[in-house]
Amino acid sequence: MKIILGDDSSMHRWTLVSMLKESFRELGQPLEILGEADNGAKLFELREKVGNVDIVFSDIRMPEMDGLSGLVKIKHRFPSQKVVMVSSEDLATMERAHSKNGSDAQNEELAKKITMIDGVAQRIKAGTPVPGKVNLILDGCEKLVVNPIDIAKHFGASGYLRKPYDPVKVKTMIKHLSTSSSFLALV
Amino acid sequence: MFGEYLIEKKLVRPKELVRAVVMQHKKTPGLLEIVYAKKLLDEPHLLQALAYQARNGTDFKQSCVALGFWTDAIEETVHLEINTHRVPVGQILVKNGDLSMETAASALSDYFRSSPEKNYASILLRSDQTLEKKTDVSAVIREEPRELPEEAVFEPNFHRVDGQLLQDYLDLLCEDKKNELEKILVDIETGSKGGVREASTETLLKALFRDLHTIKGTARFIRAEVSEHLVHVCEDYLSLYICFFEKMEDKDFESLTSLFLNALDFVWDIRKPLMENGSEEVYWQQHEAGCRSFLVSLRTAQKEIRDRNYEVNLADLEHLF
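Here the structure is a predicted model, which is why all the values come from computation and not from measurement. (Residues numbered from 1 in each chain as written. Chains lettered and ligands numbered in written order. Predicted model: local features only at pLDDT ≥ 70, side-chain atom pairs only at ≥ 80, totals over all residues. Heavy atoms only, no water.)

## Digging into the overall build of chain A
- Within chain A, the secondary structure is distributed over seven helices and six strands.
- Along chain A, from the amino end to the carboxyl end, the secondary structure elements read β-α-β-α-β-α-β-α-α-α-β-α-β.
- Counting the 187 residues in chain A, one finds 54% classified as buried.
- The contacts of chain A with a sequence gap of at least 6 include a subset with a gap of at least 24, amounting to 72%.
- Taken as a whole, chain A presents about 7,800 Å² of accessible surface, with 50% of it coming from carbon and sulfur. (Helix = DSSP H or I, 4+ residues; strand = E, 2+ residues; numbered from the N terminus. Buried < 20%, exposed > 50% of the residue type's maximum accessible area, 1.4 Å probe, protein only. Contact = heavy atoms within 4.5 Å. Areas by Shrake-Rupley, 256 points an atom, 1.4 Å probe, with all protein chains shown as cover.)

This is the structure:
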């Protein structure tokens, strides 16, 4: 299996690579790490450069271009690419300003927010940031107080892994990706 | 803790306190019991966690965390249940006849007043008037654990770490990084004065958040739970500024700077014992009260802003998207 990964922390990249090597060794499958990047834009460039990749692992919060924006670029160019988002994000951090009650009004509001974020995604795909506007997906999530994992799912991510990495979680995610196309969040 | 205070004041004997604590433990539901009764995890997940626990010799919560089952929501529910059902030690001592009601009430009042650094306790018993108005002393004793704020129930685990992982974390916490973050804070406060919220201030807030996030993630990696929790609470507070940046007042930015400069001091102060011992335990033993007090200050400041009930107004933001 061919993998590339993006994270601005070299420690986290090293740890993920170690876990992946261990997981694949236990699964008895070959693994090839084709490259690493430290932001979303470089991860996209890496994907373009290395050709066929089975799984992309991407941190959400990275400088220059966040992982969600990188996800949009990658999926626009490679629609069938499996991308797993990873993060230390505490799920409640960005949603605590609002109570969650799942009401129709809340669902409608979420739908509106996603539509607004789609506008950001259009600019990312076209490569046309506009001064004075939100030009990165994570910035949009923060402005609108939206769970970035919901947005990752909306833009076609295959899964979400919450740090710290754990061998069980990593193996579970790898097995899931090889057998299912549904989104899996391991928090 | 209150029990230790009673011993210190020779109001109860050690064996009476031990008996009361054991009785308290018996009456307090365990983690697994709460998770099962409240259906916080379904049976397959429960079985998986128990199997992991048996295989790895960890406790139930550690198993759930390792398997990715343990969420903030579960944590909050469990703490609420524990605090609801836990019978205060004072109450048990009174019931066992080891302490009179009057002595217990008086000791409780003295305990909170004599320990000003125990701010979480002063929140429970805000003033002498509150105590005086209570005619039912058992209600006062009962009140103690029910209102314990989150930071009073934070109980870190301590792990030893060494080698490259520890070194990477220590390198992250170099003096230059601290200076850099302090400068950002000063720039945020300076740039935000006069009620004009510049875009550059927003950029600085995000830069600060990103750095804190890196520190938190790295602390989590080396399982430095005290440092991780400190920074996590800072992140929670800062996220409100990022979300509602334009609604914040000058005094809010002053408060942010003041609190975060303190937070940086805490995190950097932990660096030395971590370097020397590979663990935060020594630091926590010496500075637990101060840390808890500071965490409560952060949460109080956060709550004050949240109580303003700022809303995300999509119409106001549409032009940005």
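## Points about the confidence of the model for chain A
- For chain A, per-residue confidence averages 89 on the pLDDT scale, and 93% of positions sit at 70 or higher.
- Contacts from residues 96-101 of chain A, a stretch scored under 50 in pLDDT, to residues over four places away or in other chains number 17 contacts. (pLDDT = per-residue confidence, 0-100.)

## Quick look at the pattern of salt bridges
Residues and elements named next belong to chain B.
- If you walk through the whole model with that rule in mind, you get 30 salt bridges over all chains.
- Among the salt bridges present, the one from Arg292 reaches Glu155, with a minimum N-O distance of 3.3 Å. Of this pair, Arg292 sits in helix α17 (residues 281-306) while Glu155 sits in the loop between α11 (137-146) and α12 (163-172), and the two are 137 residues apart along the sequence.
- A cluster of three or more residues bridged by salt bridges with shared partners is formed by Glu249, Lys251, Asp252, Glu304 and Arg308. (Salt bridge = Lys/Arg side-chain N within 4 Å of Asp/Glu carboxyl O.)

## What about the sheet that holds strand β6 (residues 184-186) of chain A?
Residues and elements named next belong to chain A.
- Ordered in space as β2-β1-β3-β4-β5-β6, the six strands form an open sheet in which the pairing is parallel. Single-partner strands in this sheet number two, and they are β2 (32-37) and β6. Strand after strand, the sheet turns through a mean of 15° between neighbouring axes, direction not considered.
- Sheet analysis places strand β3 (residues 55-59) next to strand β4 (residues 82-87), joined by five bridges and oriented parallel. By the bridge assignment for β4, Phe57 is matched with Val84. (Pairing = 2+ DSSP bridges. Axes fitted to C-alpha atoms, helices over the stretch in contact; angles between N-to-C directions.)

## Some words on a nonpolar patch on the surface
- A surface patch of nonpolar side chains, about 260 Å² in accessible area, is lined by Leu32, Leu47 and Leu50 of chain B.
- Taking the relative accessible area as the measure of exposure, Leu47 of chain B reaches 59% and is therefore exposed. (Patch = residues over 30% accessible without salt bridge, like charges linked within 9 Å, V, L, I, M, F, W, Y side chains within 5 Å.)

## Concerning unusual backbone geometry
- Residues other than glycine seldom take positive phi values, yet Val145 of chain A does so here, at roughly 55°.
- Using a relative accessible area of 6% as the deciding quantity, one classes Val145 of chain A as buried.
- A positive phi angle is found at Arg223 of chain B, which is not glycine, with a value near 55°.
- Of the residues examined, Arg223 of chain B reaches a relative accessible area of 45% and is grouped as partly exposed.

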